[in-house]
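# Analysis of the macromolecular model
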Amino acid sequence: MDSNKIIQGDCQDKLKELRDESVDLVYFDPPFFTQKTHSLKSRDNSKTYAFEDRYNSLDKYLELIENVLEHSQRVLKNTGSVFLHCDKTASHNIRVILDKVFGRDNFQSEIVWSYKRWSNSKKGLLNAHQVIFFYSKTKNFKFNTIYTDYSATTNIDQILQERERDENGKSVYKRDENGNIVLGKGKKGVPLSDVWNIPYLNPKAKERTGYPTQKPVLLLNQIIRIATDEGDLVLDPFCGSGTTCVSAKHLKRCYIGIDKSMDAVNLANSRLGEMVITESELLNKGTESYLEKTEKELAILQSINAIPVQRNAGIDGFLREQNKDKPVPVKIQREDETLGDAIEKLERASIGKGYDYKIVVQTSESVAGRLFGFESNVQIIKSLELQAKERAQQSTKAQRAVGSIAGAAGI
Ligand SMILES: C[S@@+](CC[C@H](N)C(=O)[O-])C[C@H]1O[C@@H](n2cnc3c(N)ncnc32)[C@H](O)[C@@H]1O
């Protein structure tokens, strides 16, 4: 079978057409046995994409997985690997089948793909990860180590110095005959772990097609980089919107995608024609770059038991306790703002949100500037620092007054 194409049909049939030992990597992201129909609208709302994730029984579902795994095992080269994407619904069942088809000894990793979620309508822990099982066909599998940066708490200076055991077996820095510390070979960073924090595609990401359960290209890039080299062949028997093939093409690998839905095949082909890959600002810049509150602002928010809000010009936080089931936004007056400016910004950020009650924390004595030209339900409270300053000024004034009375009375 030729590569670099998307094939429509049941992968159990189409895989039979693939030659033995011809593929370097099989990644697949089958339905997860949710017993639901997954459906979403395309970006321009013109089309609804859907696929069925309903099976007569768990056994029927696992039969499909086992069959596809057997074909994957057959078509993989001896240096090849399979990465199977699933979630808590059936991961435990699937792992047993993987052991059976690929052998327990060929288990390499259980990758946890972790991402942020914000809400949880159900009782229980917020589900914020999926699992990718990585099995190799043989012990002699292809593996490219990816290195990541050291954590902020790592003292890189120490890591770069060679260590040895002293006569008591204690690890000490190695020194040369002159007593100087011996530097080790250059370090490339920390080898990638099996927990991957890669953001889910946000609803506005250009890469998002509207295909339900579409995975981010960044996730596939990582898998493909680990298990293949340029020119290698990547196979995805449940390719959906074609994410794996887009990633493979982007990384100069060959690909074959299969999906039983014609809509998926058309979508994958159109994505391959016009590749859109959304860079993750979160990954590029790091979480810290989003945290723009100063220590002083964080202390003020903590003093009134509020949660900080980042990247919002009009709202700095929300009280942890709601007011009659409605959120209470908080704005802290900045050094370059009058109280009127701060109130106006909070009011603007609150338009149409129906907050009954809002708080501005006044941080400077100056009340100059425009104070509302509109009805406002903003409550102004003074920061502890401002209160302390005002008390100190009052007590100095009082002392001066006592001093001048005493002076006048000749005491
Ligand atoms: C979870 S989605 C894949 C999503 C994909 N990874 C992406 O990023 O868009 C699963 C896909 O498997 C397809 N599918 C289900 N059973 C299939 C089968 N027996 N043969 C081929 N495709 C199948 C569905 O049509 C669906 O597109």
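Residues numbered from 1 in each chain as written. Predicted model: local features only at pLDDT ≥ 70, side-chain atom pairs only at ≥ 80, totals over all residues.

### Focus on the site of the ligand
Taken together, 20 residues lie around the ligand, and D29, F238, G240, S241 and T243 are the ones closest in. Listed by contribution, the elements that provide at least two residues to the shell around the ligand are α1 (11-14) and β14 (254-259). Here the residues of the shell around the ligand sort into 8 nonpolar, 7 polar and 5 charged. (Near = placed C-beta within 6 Å. Helix = DSSP H or I, 4+ residues; strand = E, 2+ residues; numbered from the N terminus. Nonpolar A, V, L, I, M, F, W, Y, C, P; charged D, E, K, R; others polar.)

### Considering the nonpolar core
Ranked by internal contacts, the top residues of the largest apolar core, which has 56 residues, are V26, Y27, L84, L98, I223 and V234. Ranked by the residues each element gives to this core, the list is headed by helix α5 (residues 217-227), at 7 residues. Residue contacts for Y27: discarding those within four places in its chain leaves F83, L220, I223, V234, D236 and T244. Counting 15 residues, the second-largest nonpolar core is a separate cluster that includes I332, A342, I343 and V360. (Core = buried A, V, L, I, M, F, W, Y, C linked by C-beta atoms within 7 Å. Buried ≥ 20, exposed ≤ 12 C-beta atoms within 10 Å, placed from the backbone. Contact = placed C-beta atoms within 7 Å.)

### Comments concerning the sheet that holds strand β7 (residues 129-136)
Across the sheet, which stays open at both edges, the 8 strands sit in the order β1-β14-β13-β2-β5-β7-β6-β12 with mixed pairing between neighbours. Both edges of this open sheet fall to β1 (5-8) and β12 (195-197), since each of them pairs with a single strand only. If you compare each strand with its neighbour and ignore which way they point, the axes differ by 20° on average. As paired elements, strand β6 (residues 107-114) and β12 share 3 bridges and run parallel to each other. Counted as the bridge partner of V112 is V195 from β12. Lying over the sheet, α5 contacts β2 (23-28), β5 (76-86), β6, β12 and β13 (233-236), oriented at roughly 150° with respect to β2. (Pairing = 2+ DSSP bridges. Axes fitted to C-alpha atoms, helices over the stretch in contact; angles between N-to-C directions.)

### A short note on the sheet that holds strand β17 (residues 329-332)
Here 5 strands make up an open sheet; going across it, the order is β15-β16-β17-β18-β19 and the pairing mixed. The sheet terminates laterally at β15 (306-308) and β19 (378-382), the two strands that pair on one side only. Between one strand axis and the next, the sheet turns through 30° on average, direction left out of account. Strand direction decides the pairing type here: strand β16 (residues 317-319) and β17, joined by 2 bridges, are antiparallel. By the bridge assignment for β17, G317 is matched with V330. Those strands touched by helix α10 (residues 339-350) are β17, β18 (358-362) and β19, and its axis lies near 155° from that of β18.

### With respect to the pairing of β5
Judged by how many residues are buried, β5 sits mostly within the fold: 8 of 11 residues are covered. As paired elements, β2 and β5 share 5 bridges and run parallel to each other. Bridging across to β5, L25 finds its partner in S81. Here β5 runs beside β7; their pairing, made up of 6 bridges, is antiparallel. Pairing of V82 across the sheet is with Y135, part of β7.

### A few points about unusual backbone geometry
One non-glycine residue, N4, lies in positive phi territory at about 60°. The phi dihedral of N45 falls on the positive side, at around 65°, and the residue is not glycine. On the neighbour-count criterion, N45 (8 C-beta atoms within 10 Å) is exposed.

### So, the pairing of β17
Here β17 shows two buried faces, one formed by P329 and K331 and the other by V330 and I332. Sheet topology places β17 next to β18; 3 bridges connect them, and they run parallel. When the bridges of β18 are listed, I332 appears paired with V361. Tracing the backbone out of β17, into α10 and back to the parallel element β18 gives a crossover that is right-handed. (Right-handed = clockwise from strand over helix to strand, strands pointing away.)

### A short note on the packing of helix α2 (residues 58-75) against helix α3 (residues 91-102)
Running from N to C, α2 and α3 cross one another at 35°; their axes reach a closest spacing of 10 Å. Note on packing geometry: the crossing formed by α2 with α3 is right-handed. Of the residues in α3, those touching α2 at L58, L62, I65, E66, L69, E70 and Q73 are N93, I94, I97, L98, V101 and F102. Taken together, the residues of the contact of α2 with α3 break down into 9 nonpolar, 2 polar and 2 charged. (Left-handed = near helix turned anticlockwise from the far one by under 90°.)

### Thoughts on the environment of D149
Turning to its location among the elements, D149 is positioned in the loop between β8 (147-148) and α4 (156-159). On a C-alpha basis, the gap between D149 and L298 in space is 28 Å, while along the polypeptide they are 149 residues apart.

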